[in-house]
Amino acid sequence: MSEPLVIIGNGMAAARLVEELGRQALGRYAVLVVGAEPHLAYNRVLLSSVLAGEMTGAETELKPRSWWEAQGVTLVYGRRAVAIDRENREVVLEDGARLPYAKLVLATGSDPIRLPKPGMDLPGVVAFRDHGDVDAMLSAAGPATRAVVIGGGLLGIEAAWGLAATGTRVTLVHLMDRLMERQLDAEAASLLKAALETRGITVLLGADTAAVEGESCVEAVRLADGRVLPCDIVVSAVGIRPNGTLAREAGLATGRGVIVDDRMATSDPDIHAIGECAEHRGTCYGLVEPAYAQAATLARHLAGRPAAYEGTVLATNLKVSGVPVFSAGDFLGAAGDEIVIWRDPGLATYRKLVLRDGALAGAILFGETADAPWYLDLIRTGRPLDRLRDAVIFGPALAEAA
């Protein structure tokens, strides 16, 4: 008889786990997936495309209902899990229903961080995390609308571009001195800023949000230097926080996220965690690729096979209306590293490679990223460049022919 396996969370990590279990442990588990959102699992990465009108919400769906049925999965969505009863091995839903489990997987993702500033609870302040947020932005968007996006990271930039594509007048406010400071150096960030401004987005750097102002709804954002930005909607995109509430309340070991070992097991060996909620070797990943690697590892483990997740070298891809950006590894470099740069101001393209001990340690590509997978493979494998060294900046076509 199949063991009951409950997955809390119906996002990208959960969908990939179900797919991997179908390959590696078909029939071993009776899988039930619980999702708080009233949707089938969808690709959050594509929300900016929905906002920009480039695709519909339905097109972000990862798998059709028929696929889930073919996998033999029971879906319970639009109902939130509120507790884990470890003693009785049950998941408790908000309506009081109890779901028994032999194995439990937490794929609860993360929650948007909301700045602890006055006015952040006013109507008209939204996050950029799910379909509901996109619907709220679209209902307010248009040429007569003024929007302030707080946060110049990946999500903030995508939100700003998506709103600008609707004709909305957008101001992007960022506390740091450059956009995407965790993924880009100063030169690449400057190019990105220029690209956004070309599209009509006002970018304010070194700008500290002091408060959101308004009586019954959003009316303006006030900065710490006294500037006031009149607006009709505020998008808060200042980061995410792993959602470890259920695990913490159930007495599992938590740090920033739900602490897991190399087999994605929590402090309770029958409960696992993957994706943005998981903390592995002190790191919480907020990206899709690590979540997929963790899902594959967990599926192997649940299938009774040797499995170990050893971490992921981070890589970031951004493509906002034809402005591709890629970064991976240690792109800033350290003392003793060799920095190789190639730039073409006319085409607004830029490449930076960090070489360390004869291997590629980090890379930034701006404006043209077709060679990104090749560079990422060099970084992750750490293989010596040897004869590739002299032409590595020009990509595989020239470097491998040299």
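Scroll up to find the structure this text is about.
Residues numbered from 1 in each chain as written. Predicted model: local features only at pLDDT ≥ 70, side-chain atom pairs only at ≥ 80, totals over all residues. Heavy atoms only, no water.

J.: Please clarify how the pairing of strand β1 (residues 3–8) should be interpreted in this entry.
T.: Within a regular strand, the side chains alternate between the two sheet faces. The pairing of β1 with strand β2 (residues 29–35) spans six bridges and is classified as parallel. Considered in β2, the bridge of V6 is made with L32. Crossover handedness for the path β1 to helix α1 (residues 12–24) to β2: right-handed. (Pairing = 2+ DSSP bridges. Helix = DSSP H or I, 4+ residues; strand = E, 2+ residues; numbered from the N terminus. Right-handed = clockwise from strand over helix to strand, strands pointing away.)

J.: Can you help me understand the sheet that holds strand β6 (residues 98–100) in this one?
T.: In any sheet, the strands associate via hydrogen bonds between backbone groups, in a parallel or an antiparallel arrangement. A sheet is described by the order of its strands in space; here three strands give the open sequence β4-β5-β6, paired in antiparallel fashion. Edge positions in the sheet fall to β4 (81–85) and β6, since each of these pairs with one other strand and no more. Going from strand to strand, the sheet's axes swing by 25° on average, the running direction of each strand aside. The sheet contact formed by β4 and strand β5 (residues 90–93) spans four bridges and is antiparallel. (Axes fitted to C-alpha atoms, helices over the stretch in contact; angles between N-to-C directions.)

J.: How should I be thinking about the side chain of T349 in this particular structure?
T.: Within the element layout of this structure, T349 appears in strand β24 (residues 349–356). Look at T349 and you get buried, because its relative accessible area is 10%. When near neighbours in sequence (up to four residues on either side) are disregarded, T349 contacts W342, R343, D344, F366, G367 and E368. (Buried < 20%, exposed > 50% of the residue type's maximum accessible area, 1.4 Å probe, protein only. Contact = heavy atoms within 4.5 Å.)

J.: Would you explain the packing of α1 against helix α8 (residues 288–302) in this entry?
T.: Think of two packed helices as two axes; the pair is described by the angle between the axes and how far apart they sit. Between α1 and α8, the shortest axis-to-axis distance is 8 Å and the interhelical angle comes to 35°. Our pair here, α1 against α8, has a crossing hand that is right-handed. Residue-level contacts link M12, A13, R16, L17, E20, L21 and Q24 of α1 to V288, A291, Y292, A295, A296, L298, A299, R300 and L302 of α8. Taken together, the residues of the contact of α1 with α8 sort by class into twelve nonpolar, one polar and three charged. (Left-handed = near helix turned anticlockwise from the far one by under 90°. Nonpolar A, V, L, I, M, F, W, Y, C, P; charged D, E, K, R; others polar.)

J.: Help me out: how do you make sense of the pattern of salt bridges in this one?
T.: Opposite charge on two side chains lets them pair, provided their charged atoms get close. Inspection of every chain in the model, using the stated rule, returns 26 salt bridges. The shortest N-O distance in the salt bridge between R16 and E19 comes to 3.7 Å. In this pair, R16 and E19 both sit in helix α1, three residues apart, roughly one turn of the helix. Between K103 and D270 there is a salt bridge, with the nearest N and O atoms lying 2.9 Å from each other. Of this pair, K103 sits in strand β7 (residues 103–106) while D270 sits in the loop between β18 (258–260) and β19 (271–273), and the two are 167 residues apart along the sequence. (Salt bridge = Lys/Arg side-chain N within 4 Å of Asp/Glu carboxyl O.)

J.: Teacher, can you tell me more about the nonpolar core here?
T.: Within soluble globular proteins, side chains that are nonpolar tend to cluster in buried spots. Counting residues in each nonpolar core, the largest one holds 52 residues, and the members touching the most others are I7 and L106. Those residues in contact with L106 that lie beyond four places of it in its chain are I8, I84, A247, L252, V258, I271, H272, A273, I274 and C277. (Core = buried A, V, L, I, M, F, W, Y, C linked by side-chain atoms within 4.5 Å.)

J.: Would you mind going over the sheet that holds strand β15 (residues 228–230) with me for this structure?
T.: Judged by pairing direction, the sheet is antiparallel, and its three strands sit side by side in the order β13-β14-β15 without closing on themselves. If you trace the sheet from one side to the other, it starts and ends with β13 (209–213) and β15, each paired once. Averaged over all adjacent pairs, the angle separating strand axes in this sheet is 20°, with direction ignored. Here β13 pairs with strand β14 (residues 220–223) via four bridges, running antiparallel. Pairing of E213 across the sheet is with A220, part of β14.

J.: Sorry, what's going on with the side chain of S48 here?
T.: Relative to the assigned elements, S48 resides in helix α2 (residues 47–51). Not counting chain neighbours up to four residues away, the residues in contact with S48 comprise F128, E158 and G162.

J.: Just to check I follow, could you spell out the state of the cysteines for this structure?
T.: The bond known as a disulfide is covalent and runs between the sulfur atoms of two cysteines. Applying the stated criterion across every chain, the model contains zero disulfides. C217 provides the cysteine sulfur closest to C231, a residue in no disulfide bond, and the two sulfurs are 9.7 Å apart. Considering cysteine sulfurs only, C277 is the nearest to C284, which forms no disulfide, with 8.8 Å between them. (Disulfide = S-S within 2.5 Å.)

J.: What should I look at first to understand unusual backbone geometry in this one?
T.: The bulk of non-glycine residues show a negative phi, and the bulk of peptide bonds are trans. Phi at A348 takes a positive value of approximately 55°, unusual for a residue other than glycine. Although it is not a glycine, D386 sits at a positive phi angle of roughly 50°. Along the chain, D386 falls in the loop between α9 (372–381) and α10 (396–399). By relative accessible area, which is 62% here, D386 ends up exposed.

J.: Sorry, what's going on with the packing of aromatic side chains here?
T.: Ring pairs (aromatic) are described by centroid distance and by the angle formed between their planes. A full pass over the atoms with the stated rule returns three aromatic pairs. Ring centres of W67 and W68 lie 5.1 Å apart, and the angle between their planes is 85°; on these two criteria the pair is classed as edge-to-face. You can call W67 buried: its relative accessible area is 17%. Classification of W68 as buried rests on a relative accessible area of 1%. Centroid distance Y285 to Y309: 6.3 Å. Interplanar angle 80°. Geometry classified as edge-to-face. One end of the pair, Y285, is in the loop between β20 (278–280) and α8; the other, Y309, is in the loop between α8 and β21 (315–320), and 24 residues separate them in sequence. An identical accessibility class is assigned to Y285 and Y309; each is buried. (Phe/Tyr/Trp six-rings, centres within 6.5 Å; stacked < 30°, edge-to-face > 60°.)

On their own, these measurements won't tell you what the molecule is for.
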